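An overview of the molecular structure
Here's the letter readout for the chains.
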Amino acid sequence: MKSRSARPSENLLEELQAALSHGTVVRRVEALRRVTDLFVGNAVDYSDEHIRVFDDVFQCLIEQIETSARTLLADRLAPIAEAPPKIIRTLALDEVIEVAGPVLSKSERLDEATLIEIARTRGQAHLKAISLRRVLSAALTDVLVTRGNEDVVQSTVGNPGAQLSEDSLSDLVMRAERDDDLATCIGLRPDLPRHHYLKLVAKASLSVRRKLEAAHPELADEVSSVVQEAAQRVRAAAMTRQTEIARALVKSLHEDGRLNEFQVTAFAEQGKFDETNAGLAALAGVTVETAENMMIESRTEGVMILAKVAGMSWASVRAIIALREKLSGGSQTDMLTLRDTYEALRSSTAQQVLRFHRMQHGTTPAA
């Protein structure tokens, strides 16, 4: 028994032959309207074969028709999961954003390759439409973050369905140093890794301090104190369950005498930031907050100071520096030069620098 939608697949092309061969633009538009009504009203009933027939008909009908008709077609087909894939791709590739926009932002029929192609070649309006999709893969967001203007980037970052790669996050955190709105947008993402969050907060706090001190120079000392307290509150709020578990594990290892340089090195090689940070802090005799401050600094001196105080070998220091570079997405450092610097660093000098660091940040040695 044939479905009630079988007749369109058998007779639709014949019925439309006159309009396609001899019809005026007005006749084409009217035919397009009727075909669209027929498809939208019965989309869930059509087989793949029927959809292919509609696809061919749509492709023929949109030739030489005005933008407003193509826009209407895009608006009506974009939300339909069973929409013909070829016409969806054609509409998405349209240079007119009014036509492409609805499909780029809504259609589930668009494949990943087409979306990336458009993101790499079209203008900012097309990128903005893509950034509004319900789900964005990491590969797609990489292109949006790289090519997008301020509006596109903020729209992408503010999209809860957007997956952000380590490379994109590192780039965004760097950009946020010059853009408070972007910093806020990134900071509100619940999936932002802690090491990126801490770096973001550290940079944003400095930006806020400068602005407030410029506006009220007579209150500079008070402003500095307030900003520092705010940063500490934000840091505490950023504590995740994963971080708490990591710190508890390291504390247990340290109390049982099982925490050593090799264990911390293993944490670093496994990409475990929280465990590495807590382990380094324990071996150096500082608080985890002090270690975090020194771990997220852009320069590597802080890590080498802590490691020297902890009596670590260069092999362990190299593993920790490699972890930092992997997480931050920064350029690779000259390990040979760093090794020479570390080997030349005296333990007594490292202890003095660490005491100075504590004095500046108002921290005390770990118990």
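Higher on the page you've got the structure.
Just so you know, these numbers come straight off a predicted model, no measurement behind them.

1. Focus on helix α6 (residues 97-106)
Among the 10 residues of α6, 7 are classified as buried, and the element is accordingly described as predominantly covered. Considered for burial, the residues of α6 that qualify are Val99, Ala100, Gly101, Pro102, Val103, Leu104 and Ser105. Where α6 is buried, its residues touch α4 (67-77), α5 (85-92), α7 (112-121) and α8 (124-131).

2. A short note on the packing of aromatic side chains
Per the counting criterion, the structure on display carries 6 aromatic pairs. Cluster of aromatic residues (ring-pair linked, three or more members): Phe39, Tyr46, Phe54 and Phe58. Note that Lys308 overlies the ring of Tyr342, its terminal NZ or CZ placed 4.2 Å from the centroid.

3. Comments concerning the packing of helix α17 (residues 273-284) against helix α18 (residues 288-295)
Where α17 meets α18, the closest approach of the two axes is 8 Å, and the angle between their N-to-C directions is 115 degrees. The handedness of the crossing between α17 and α18 is right-handed. Within the contact between the two elements, α17 uses Phe273, Thr276, Asn277, Ala278, Leu280 and Ala281 and α18 uses Val288, Ala291, Glu292 and Met295. Partitioning the contact of α17 with α18 into residue classes produces 7 nonpolar, 2 polar and 1 charged.

4. Topic: helix α19 (residues 301-310)
Counting buried residues along α19, 8 of its 10 residues qualify, which places the element largely inside the surrounding structure. Gly302, Val303, Met304, Ile305, Leu306, Ala307, Lys308 and Val309 are the residues of α19 that are buried. In the segment just after α19, Gly311 is the residue with positive phi, at about 75 degrees.

5. Focus: the environment of Asn159
Tracing the backbone shows Asn159 in the loop between α10 (150-157) and α11 (166-176). Between the C-alpha atom of Asn159 and that of Arg189, which follows or precedes it by 30 residues, the distance is 9.0 Å. Excluding its chain neighbours within four sequence positions, the residues that come into contact with Asn159 are Ser131, Leu132, Arg133, Arg134, Leu136 and Arg189. From its side chain, Asn159 meets the backbone oxygen of Arg133 in a polar contact 2.7 Å long.

6. Focus: the side chain of Ser107
On the secondary structure map, Ser107 appears in the loop between α6 and α7. Here Arg109 takes part through its backbone nitrogen, which lies 3.1 Å from a polar atom of the side chain of Ser107. Beyond its immediate stretch of four places on either side in the chain, Ser107 contacts Ala78, Ile88, Pro102 and Arg133.

7. Observations concerning the nonpolar core
Across soluble globular proteins, nonpolar side chains show a tendency to be buried alongside one another. Ranked by size, the top nonpolar core spans 42 residues in total, and within it Phe39, Phe58, Leu77, Leu104 and Ile130 carry the most contacts. No other element matches helix α3 (residues 48-61), which puts 5 residues into this core.

8. Some thoughts on the pattern of salt bridges
This structure, assessed with the given rule, holds 14 salt bridges. Three or more residues joined by partner-sharing salt bridges are found here, namely Glu30, Arg33, Asp37 and Arg76.

9. Section: the environment of Arg76
By the secondary structure assignment, Arg76 is in helix α4. In the structure, Arg76 is positioned 39 residues away from Asp37 in sequence and 9.2 Å away in space, judged by C-alpha atoms. Beyond its immediate stretch of four places on either side in the chain, Arg76 contacts Arg33, Thr36, Asp37 and Val40.

10. Some remarks on the packing of helix α9 (residues 138-147) against α10
It is at 8 Å that the axes of α9 and α10 come closest, and there the two elements cross at 150 degrees. Put simply, α9 runs roughly antiparallel to α10. The chirality of how α9 crosses α10 is left-handed. The residues of α10 that touch α9, namely those facing Thr141, Leu144 and Val145, are Val152, Val153 and Thr156. Among the residues forming the contact of α9 with α10, the class breakdown is 4 nonpolar, 2 polar and no charged.

11. What about the side chain of Glu275?
With respect to the helices, strands and loops of the structure, Glu275 is situated in helix α17. Buried within the structure, Glu275 lacks any salt-bridge partner; its nearest side chain of opposite charge belongs to Lys272, at an N-O separation of 5.1 Å. The contacts of Glu275, once residues within four sequence positions are left out, are Ala246, Val250 and Phe267.

What counts, and at which threshold
- Residues numbered from 1 in each chain as written.
- Predicted model: local features only at pLDDT ≥ 70, side-chain atom pairs only at ≥ 80, totals over all residues.
- Heavy atoms only, no water.
- Buried < 20%, exposed > 50% of the residue type's maximum accessible area, 1.4 Å probe, protein only.
- Helix = DSSP H or I, 4+ residues; strand = E, 2+ residues; numbered from the N terminus.
- Contact = heavy atoms within 4.5 Å.
- Phe/Tyr/Trp six-rings, centres within 6.5 Å; stacked < 30°, edge-to-face > 60°.
- Lys NZ or Arg CZ within 6 Å of the ring centre and 35° of its normal.
- Axes fitted to C-alpha atoms, helices over the stretch in contact; angles between N-to-C directions.
- Left-handed = near helix turned anticlockwise from the far one by under 90°.
- Nonpolar A, V, L, I, M, F, W, Y, C, P; charged D, E, K, R; others polar.
- Polar contact = N/O pair within 3.5 Å; in protein donor to acceptor, adjacent residues only side chain to side chain.
- Core = buried A, V, L, I, M, F, W, Y, C linked by side-chain atoms within 4.5 Å.
- Salt bridge = Lys/Arg side-chain N within 4 Å of Asp/Glu carboxyl O.
- Parallel < 35°, antiparallel > 145°, perpendicular 65-115°, else oblique.
- Lys, Arg positive; Asp, Glu negative; His and termini not counted.

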